[in-house]
Amino acid sequence: MELTRRDAVAALSALGLGGTLAGCVAPPGSEPVAVEHLRETLIAAAEVVYPSAVSGIEPFVAAFLEGRLADRAHVAGLDEAVAELDGNARVWYDAEFAALSVADREQVLRNVGADDADEDPSGTASERVRYYVVNDLLLALYASPTGGELVGLENPQGHAGGIGTYQRGPNA
């Protein structure tokens with residue numbers, strides 16, 4: 001199933017972000033965020049956590065991230081979570097997370113404990129990676145019309161789906 005930028009806008013709408021794509025301005029007195037690095041890392045993580053039936057990951061994740069950049073607090077947390085992934089990847093593989101093979105990226109996510117951690121934006125490193133990276137990517141996927149179809153959600157939240165959906169009976 002091919003994800004599109006339109007799917008990303010629908011997922012952003014489900015989050016109440018109106019689907020507007022915005023740029024990031026660093027808060028006064030803070031370091032600017034390396035948006036391209038965040039994008040590369042999220043795309044690399046999506047290649048691990050998204051089902052193999054999904055294609056179009058790069059433009060989808062890039063568009064979703066672009067919409068998330070308006071939330072400065074979220075971007076700061078995401079930046080810290082990405083730093084945790086990169087730190088673990090450097091220790092084990094001597095490279096940044098995005099530069100690793102898919103199998104090695106999966107191992108890094110397991111090393112940081114993101115595969116079974118609870119999500120907590122202010123918790124441990126594992127919980128922050130789970131919240132800001134894994135869960136955000138899964139939310140984007142399954143809140144989109146295309147991603148929702150993968151799990152039988154014909155009309156994910158924020159996507160009406162058209163009149164045909166409402167004209168069918170329950171046994172259709």
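Look a little higher up for the structure.
On a predicted model such as this, the values are computed, not experimentally measured, just so you know. Starting from 1, residues in each chain are numbered consecutively following that chain's sequence as written. Note on the predicted model: pLDDT of at least 70 is required for a residue's local features to be given, and 80 or more for side-chain atom pairs to be given and counted; whole-chain, interface and lining totals, by contrast, use all residues. The basis for every side-chain value is the complete set of heavy atoms in the structure, and neither hydrogens nor water enter the calculation.

> Just checking my understanding: could you explain helix H2 (residues 35–49) for this structure?
A turn of α-helix holds 3.6 residues, and therefore any two residues three or four places apart point the same way. Helix and strand labels come from DSSP, where a helix needs a run of H or I of at least four residues and a strand needs a run of E of at least two; each type is numbered from the N terminus. For a helix, the expected span equals 1.5 Å multiplied by the number of residues minus one. Compared with the 21 Å implied by 1.5 Å per residue over 15 residues, the 21 Å span of H2 between its first and last C-alpha is a close match. For the exposure calls, accessible area comes from a 1.4 Å probe over protein chains only, and a residue counts as buried if that area is under 20% of its type's maximum, exposed if over 50%, partly exposed in between. The set of residues buried in H2 consists of Val 35, Leu 38, Thr 41, Leu 42, Ile 43, Ala 44, Ala 45, Ala 46 and Val 48. The inward-facing, buried residues of H2 abut helix H3 (57–68), helix H4 (72–93), helix H5 (102–111) and helix H6 (125–143). We call two residues contacting when some pair of their heavy atoms lies within 4.5 Å.

> What is the right way to look at the pattern of salt bridges in this model?
Where charged atoms of side chains with opposite charge meet at close range, the side chains can pair. Any carboxyl oxygen of Asp or Glu within 4 Å of a side-chain nitrogen of Lys or Arg constitutes a salt bridge here. Tallying each qualifying case throughout the model produces seven salt bridges. A salt bridge links Asp 136 to Arg 68; the shortest N-O distance between them is 3.1 Å. One end of the pair, Asp 136, is in helix H6; the other, Arg 68, is in helix H3, and 68 residues separate them in sequence. Asp 136 gets classed as buried once you look at its relative accessible area, which sits at 10%. Exposure remark for Arg 68: the relative accessible area of 12% places this residue in the buried category. Across the pair Asp 115 and Arg 110 runs a salt bridge whose closest N-O atoms are separated by 3.2 Å. Connected through shared salt-bridge partners, Glu 106, Arg 110 and Asp 115 make up one network.

> How do you make sense of the nonpolar core when you look at a structure like this?
Soluble globular proteins: nonpolar side chains tend toward being buried together. Residues belong to a common nonpolar core when they are buried Ala, Val, Leu, Ile, Met, Phe, Trp, Tyr or Cys residues joined through side-chain atoms within 4.5 Å. Of all hydrophobic cores here, the largest spans 38 residues; its most connected members are Tyr 50, Val 61 and Val 133. Mapped by element, the contributors of at least two residues to this core are H2, H3, H4, H5 and H6. Broken down by element, this core gets its largest block of residues, eight residues, from H2. Residues contacting Val 61, with those up to four places away along its chain left out, are Leu 42, Ile 43, Ala 46, Tyr 50 and Leu 137.

> Looking at this model, I keep getting lost on the packing of aromatic side chains. Mind explaining?
Geometrically, a pair of aromatic rings is defined through the distance of the ring centres and the angle of the planes. Classification of ring pairs rests on two measures: the distance between centres of Phe, Tyr or Trp rings, Trp counted by its six-membered ring, which must be within 6.5 Å, and the angle between planes, read as stacked under 30 degrees, edge-to-face over 60 and tilted in between. According to the stated counting rule, one finds two aromatic pairs in the structure shown. Note on Tyr 50 and Phe 60: the rings are 6.4 Å apart at their centroids and 55° apart in plane angle, and the pair reads as tilted. Here Tyr 50, found in the loop between H2 and H3, pairs with Phe 60, found in helix H3; they are ten residues apart in sequence, far enough to count as distant. A relative accessible area of 5% places Tyr 50 in the buried class. Measuring from centroid to centroid gives 4.8 Å for Tyr 131 and Tyr 132, while their planes differ by 80°, and the two rings are edge-to-face.

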